[in-house]
Amino acid sequence: MIDLVQLRREPDEIKAALARRGVSSATMDEVIVLDVEHRRLLQEAESLRAEIKDLSRQVGEARRDQDTARAESLTARSRALGDEERAAREATDRVAASLRESLLMIPNVPADDVPEGLDENDNVEIDRWWVGKEEGQPFPEYAPHQRVAHWDVGKELGILDLEAGARLAGSMFPLYRGAGARLLRALGAFALDAHLDDYEEIRPPSFALTETMTSTGHLPKSQDDMYAIPRDDLWAIPTAEVPLTSMHRGEILDESRLPIRLTAQTACFRREAGAAGRDTRGLLRVHEFDKVELFAYCTPEQADAAHADILARAEGLLRSLGLTYRLLRLCTGDLGSSSARTIDLEVFSPGVDRWLEVSSVSWFRDYQARRANVRYRRADGTTALVHTVNGSALAWARIWAALVETYRQSDGTVQLPDVLSPYLGGRTRLTPKVS
RNA sequence: GGAGGGAUGACAGAGCGGCCGAAUGUACCGGUCUUGAAAACCGGCGUGGGCUUGCCCACCGUGGGUUCAAAUCCCACUCCCUCCGCCA
């Protein structure tokens with residue numbers, strides 16, 4: 001949620017920044033009006049409250065002095081004020097609720113370096129990498145044997161059974177088998193191990209309460225994109241960012257502990273409402289996928305370095321897997337609602353001949369921390385909201401697809417990169433199932 | 001799922017419905033003493049919000065209720081602990 005105090009102090013700056021991502025100035029004016037009204041009512045209610053407290057204290061004194069007549073007259077006055085106070089408080093609460101409701105729907109203020117744009121077509125490519133680039137080799141030419149879509153490779157080798165997944169849970173719930181399932185397990189272990197130098201490994205719950213979802217900004221905005229279990233007030237997490245952001249909810253962290261860096265692999269659940277039929281073949285877009293997430297709570301001063309570190313780690317994994325990828329700076333129109341700045345990593349998958357988003361590295365400023373109420377204590381004793389930063393490293397379903405396409409050999413086998421060997425028991429070559 | 005016990009500041013732990021935002025201890029910060037440290041002593045030490053910056057308001061697991069007045073009484077819920085049942 002954005003900073004209301006800042007909105008009061010510099011309404012024009014905030015309005016201008018939010019206008020870049022489509023929030024009308026009329027919407028912001030409504031918020032400002034609600035805020036003014038809220039404070040007016042709050043003052044009214046509080047001064048009534050103060051009066052009642054004072055009268056009540058005097059009743060106590062009168063009782064102690066055995067002055068029954070005085071006590072009763074004071075009681076009568078206080079009782080009369082009580083009705084007024086209740087009405088004032090209810091009015092205050094009503095306005096506070098609608099103020100909060102409005103604030104929850106307002107996206108984060110974009111950073112200055114976020115490019116202008118309407119949708120993903122306006123994202124700006126800032127870098128591109130492929131094996132041998134540093135040695136001066138040109139962008140790779142992919143051979144015909146690499147131009148086979150992963151769903152065909154998967155079927156050929158018996159490592160991906162989309163029909164079985166669909167039978168169990170409907171379409172877009174993939175089922176991996178044999179070496180395909182093991183490859184997925186290997187990727188997770190490979191990535192988690194790579195981050196353990198600086199990041200604590202977490203295994204959080206796969207479900208979270210409405211309150212938790214709200215603190216990351218996923219609710220109320222994205223409720224149609226998530227799986228809900230209403231009987232238990234639970235939602236299936238769309239990313240480990242949700243539990244990690246709430247891990248320290250309501251806490252005041254000592255500055256010396258920052259940055260707190262966490263990594264977690266979880267299943268991620270996405271309803272992908274409205275996406276039916278669009279780029280949904282194979283593993284391009286699925287309802288459930290595994291992802292290793294990197295996350296940091298930090299001070300504002302540490303945020304840039306924390307963001308850069310996560311980005312470097314995600315890139316590092318792609319490079320050691322030998323996959324071609326590019327970096328995109330998301331434009332205002334494509335930026336996630338909670339984010340102030342996001343860099344996407346897209347891997348090139350030759351079989352389907354497209355760039356697939358496999359990581360999104362975002363800086364949230366204090367937007368999530370304000371909702372989740374995560375603060376830190378500075379050396380001078382004051383408190384401030386932390387900044388949160390996160391990124392995927394990486395989302396495995398699409399990496400799986402890019403790997404089997406990129407490394408498909410002319411004989412139809414797939415020769416996986418050596419870095420995965422320890423996690424595959426040395427079996428880096430995937431061959432067609434004989435049975 | 002059943003029975004019982006509990007939830008108060010960083011921690012421990014008091015708190016007859018009325019100077020209780022909360023005793024006391026520990027921890028922590030500052031000072032005195034000391035060559036220095038420890039001990040002792042003195043002082044400080046929760047978080048938010050509002051405005052007339054000096055005051056006011058809120059918060060004792062959460063949400064309701066009773067009352068002139070609630071940490072304190074009532075109801076519901078959540079979580080933790082113990083026991084029973086069930087269970088990977």
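Computed from a prediction, not measured in an experiment: that's the story for all the values here. (Residues numbered from 1 in each chain as written. Chains lettered and ligands numbered in written order. Predicted model: local features only at pLDDT ≥ 70, side-chain atom pairs only at ≥ 80, totals over all residues. Heavy atoms only, no water.)

(A) Representation of the pairing of strand β8 (residues 288–298) within the structure. Across the 11 residues of β8, 9 count as buried, placing the element largely inside the fold. Of the strand pairs in this sheet, strand β7 (residues 260–269) and β8 are connected by 10 bridges, and their pairing is antiparallel. Across the sheet, residue Leu262 finds its bridge partner in β8, namely Phe295. Pairing of β8 with strand β14 (residues 387–395), which is carried by 7 bridges, proceeds in the antiparallel orientation. Across the sheet, Cys298 pairs through a bridge with His387, a residue of β14. (Buried < 20%, exposed > 50% of the residue type's maximum accessible area, 1.4 Å probe, protein only. Helix = DSSP H or I, 4+ residues; strand = E, 2+ residues; numbered from the N terminus. Pairing = 2+ DSSP bridges.)

(B) Here's a closer look at the layout of surface pockets. Approximately 280 Å³ is the volume found for the second largest pocket. Every residue lining the second largest pocket is counted, 13 residues in all, and those nearest its centre are Ile159, Gly178, Ala179, Arg427 and Leu430. Those elements that provide at least two residues to the lining of the second largest pocket are α7 (179–195) and β16 (429–430). Looking at the lining of the second largest pocket, its residues break down into 5 nonpolar, 3 polar and 5 charged. (1 Å grid on protein atoms, 1.4 Å probe; cavity = no way out; pocket = protein on both sides within 12 Å on 5 of 7 lines; lining within 4 Å. Points joined across faces, edges and corners; volume = space filled by probe spheres on them. Nonpolar A, V, L, I, M, F, W, Y, C, P; charged D, E, K, R; others polar.)

(C) Inspection of the domain arrangement of chain A at higher detail. Splitting chain A by domain gives domain 1 (4–104) and domain 2 (120–430). For domain 1 and domain 2, the distance between their C-alpha centres works out to 44 Å. Taken together, the contacts link 5 residues of domain 1 with 10 residues of domain 2. Both sides of the domain 1 and domain 2 interface together cover about 560 Å² of buried area, and 47% of this is carbon and sulfur. Looking only at domain 1, the three residues that lose the most surface to domain 2 are Arg20, Arg21 and Leu104, adding up to 89% of its buried area. Our count for the domain 1 to domain 2 interface comes out at 0 salt bridges. In this assembly, domain 1 and domain 2 are joined by 5 residue pairs in polar contact (both at pLDDT 80 or more). Considered class by class, the residues forming the side of domain 1 that touches domain 2 number 2 nonpolar, no polar and 3 charged. (Domains from an automatic or database assignment. Contact = heavy atoms within 4.5 Å. Buried area = accessible area lost by both parts, 1.4 Å probe. Salt bridge = Lys/Arg side-chain N within 4 Å of Asp/Glu carboxyl O. Polar contact = N/O pair within 3.5 Å; in protein donor to acceptor, adjacent residues only side chain to side chain.)

(D) Geometry of the protein's contact with RNA strand B. Lining the immediate environment of RNA strand B, one finds 21 residues, of which Arg39, Ser56, Ser78, Arg79 and Thr383 sit closest. Protein-adjacent atoms of RNA strand B, using a 4 Å cutoff, are sugar or phosphate at a proportion of 78%. Contact distances for RNA strand B include 2.5 Å between a phosphate oxygen and a side-chain N or O atom of Arg39. Within the side chain of Arg79, a nitrogen or oxygen atom sits 2.7 Å from a phosphate oxygen of RNA strand B. (Near = heavy atom within 4 Å.)

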